[in-house]
Amino acid sequence: MSSEDLAVDLKARVQALLDEHDPATTDPREFLGAQYDAGLAWVHLPHGFGGLDLPRKAQETVDAQLAAAGAPVGGTAKNFIGMGMAAPTIAAFGTDDQKRKFLRPLFTGEQVYCQLFSEPGAGSDLAGVATRAVRDGDDWIVNGQKVWTSMAQHAQMAILVARTDPTVPKHAGLTYFLCDMTQPGVEVRPLRQITGEAEFNEVFLTDARVPDANRLGPVGGGWRVATTTLNNERVAIGTRAGTPREGGMIGQVARVWRDEPGLRNPGMHDELMRLWVDTEVLRLAGERLRQQAQAGQPGPEGAGMKVAFARLAQAISGFDIELHAESGLQYDDWTMRRTEVVDLIGREPGYRYLRARGNSIEGGTSEILRNTISERILGLPGEHRVDKDVAWKDLDR
Ligand SMILES: Cc1cc2nc3c(=O)[nH]c(=O)nc-3n(C[C@H](O)[C@H](O)[C@H](O)COP(=O)(O)OP(=O)(O)OC[C@H]3O[C@@H](n4cnc5c(N)ncnc54)[C@H](O)[C@@H]3O)c2cc1C
């Protein structure tokens, strides 16, 4: 089919979906289910798994047409871990049965995901995780503690990295699972952040059961699967799809600058210009990266975007505080647990400033990502590693 014929065919499919399920009157979950069944959720995936075997780029046409018709967005706001990280990993490593079982409820938002990766002793050094999964018939029994788990309070499912073989070097003894968060062996406790909110949690796993049918990739192959998740995470955090010029945080600051000239100080104009230009460069670089990623899974390039995003978010939110002078850091709403996900951009400058501190930690710290850039992109010599060939159980912890 020529690309023109393809575009016409796709438009007709989207129109048929909209005709049969008017977004104004259809329950959002039902609409998203119908979108998935029509192969319009992730058009690059095969028929029967929410796709039509088309190039990834075709999704942009679909999404634009659906947005113009006021259709709901796949995954819902709570499921950014599901959509941005779990879905591409399931698509890359899942069996047909796993894709059939997990992708549809993820897309409709019926199953919200969280990420059970970090532990008290394994954050930057993710390959050091100590949570154990031991085989028991058709199941695995999981024991351990995870930490900083965003969205665990809302999640029905989790992507989980656990140690299945402590007798081999750390990277080789990991396995990747999809874990049911609603079972009795999973306890979620809130962790309050500097903003006053508890977006994330500690998660205690005590004899939690995961069917072997929920294992993603081979036993001992978890590191490779996790790397796919992390690369997608960095692209998802570092490049916000569809952000327009002067969107996001810089848009808020520019609006205040224009509307409230009394707040301006000498010298701030140059700084605002610099931040504005840096934001635009990052936005355009993000577009390019997303187009490159359309050819396949994202690689380590997302690390650069994520480092730049964190630096800018912190610089812009700092500028915003300076602009608002003494009232900048104040805000009243310290609700610890919310039922909905906070719209960061819509919050007060003080909240944005404090929340942005976490941007250089979540999804990999800026220091670790600089290491990734130096080793994996620039080809510079790696850090000296003394634990590469030692069984995990023999490492000092
Ligand atoms: C808002 C937020 C949300 C999060 N959500 C999740 C989530 O949903 N799921 C999840 O699993 N995790 C989550 N995390 C955890 C996050 O991935 C970890 O905090 C991060 O990987 C760092 O690990 P750590 O906190 O253990 O710090 P550490 O690894 O102990 O690092 C401490 C410091 O040492 C530096 N450092 C460590 N090793 C090196 C090195 N080799 N070279 C140079 N510097 C180094 C680090 O850069 C850092 O500054 C979240 C974190 C935040 C802030």
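Here, every reference points to the structure presented above.
Quantities reported herein were computed from a predicted structural model and do not represent experimental measurements. (Residues numbered from 1 in each chain as written. Predicted model: local features only at pLDDT ≥ 70, side-chain atom pairs only at ≥ 80, totals over all residues. Heavy atoms only, no water.)

### Let's talk about the overall build of the protein
Right, so step 1: A count of helices and strands for the protein gives 11 helices and 8 strands.
Right, so step 2: Residues counted as buried form 48% of the 397 residues belonging to the protein.
Right, so step 3: Counting only contacts in the protein whose residues sit at least 6 apart along the sequence, the fraction spanning at least 24 positions is 71%.
Right, so step 4: Looking at the protein as shown, the accessible area adds up to about 19100 Å², and 53% of this sits on carbon and sulfur atoms.
Right, so step 5: Of the charged side chains in the protein, 44 are positive and 54 negative; the average position of the first set lies 4 Å away from that of the second. (Helix = DSSP H or I, 4+ residues; strand = E, 2+ residues; numbered from the N terminus. Buried < 20%, exposed > 50% of the residue type's maximum accessible area, 1.4 Å probe, protein only. Contact = heavy atoms within 4.5 Å. Areas by Shrake-Rupley, 256 points an atom, 1.4 Å probe, with all protein chains shown as cover. Lys, Arg positive; Asp, Glu negative; His and termini not counted. Charge placed at Lys NZ, Arg CZ, Asp CG, Glu CD.)

### Details of helix 2 (residues 28-37)
Right, so step 1: Where helix 2 is concerned, the buried positions are Phe31, Leu32, Gly33, Ala34, Gln35 and Tyr36.
Right, so step 2: Against the buried residues of helix 2 lie helix 1 (3-20), helix 3 (58-68) and helix 5 (96-108).
Right, so step 3: Just past helix 2, the residue Gly39 takes up positive phi, approximately 80°.

### Here's the deal with the site of the ligand
Right, so step 1: Among the 19 residues in the neighbourhood of the ligand, the closest are listed as Ser118, Ser124, Trp148, Thr365 and Glu367.
Right, so step 2: Here Ser124 contributes a side-chain N or O atom positioned 2.6 Å from an oxygen atom of the ligand.
Right, so step 3: Separating a nitrogen atom of the ligand from a side-chain N or O atom of Glu383 is a distance of 3.3 Å.
Right, so step 4: Against a free-state accessible area of 980 Å², the protein chains account for coverage of 68% of the ligand. (Near = heavy atom within 4 Å. Polar contact = N/O pair within 3.5 Å; in protein donor to acceptor, adjacent residues only side chain to side chain.)

### Side note on the pattern of salt bridges
Right, so step 1: Within this structure, the stated rule accounts for 28 salt bridges.
Right, so step 2: Across the salt bridge formed by Asp96 and Lys99, the nearest N and O atoms sit 3.9 Å from each other. Here Asp96 pairs with Lys99, and both are found in helix 5, just 3 residues apart, close to one helical turn.
Right, so step 3: The exposure class of Asp96 is partly exposed, given its relative accessible area of 42%.
Right, so step 4: Where Asp97 meets Arg100, a salt bridge forms, and the shortest distance between an N and an O atom there is 3.1 Å. On the criterion of helical spacing, the pair formed by Asp97 and Arg100 is a turn pair, its members being 3 residues apart in helix 5.
Right, so step 5: Through salt bridges with shared partners, a single network forms among Asp125, Lys170 and Asp387. (Salt bridge = Lys/Arg side-chain N within 4 Å of Asp/Glu carboxyl O.)

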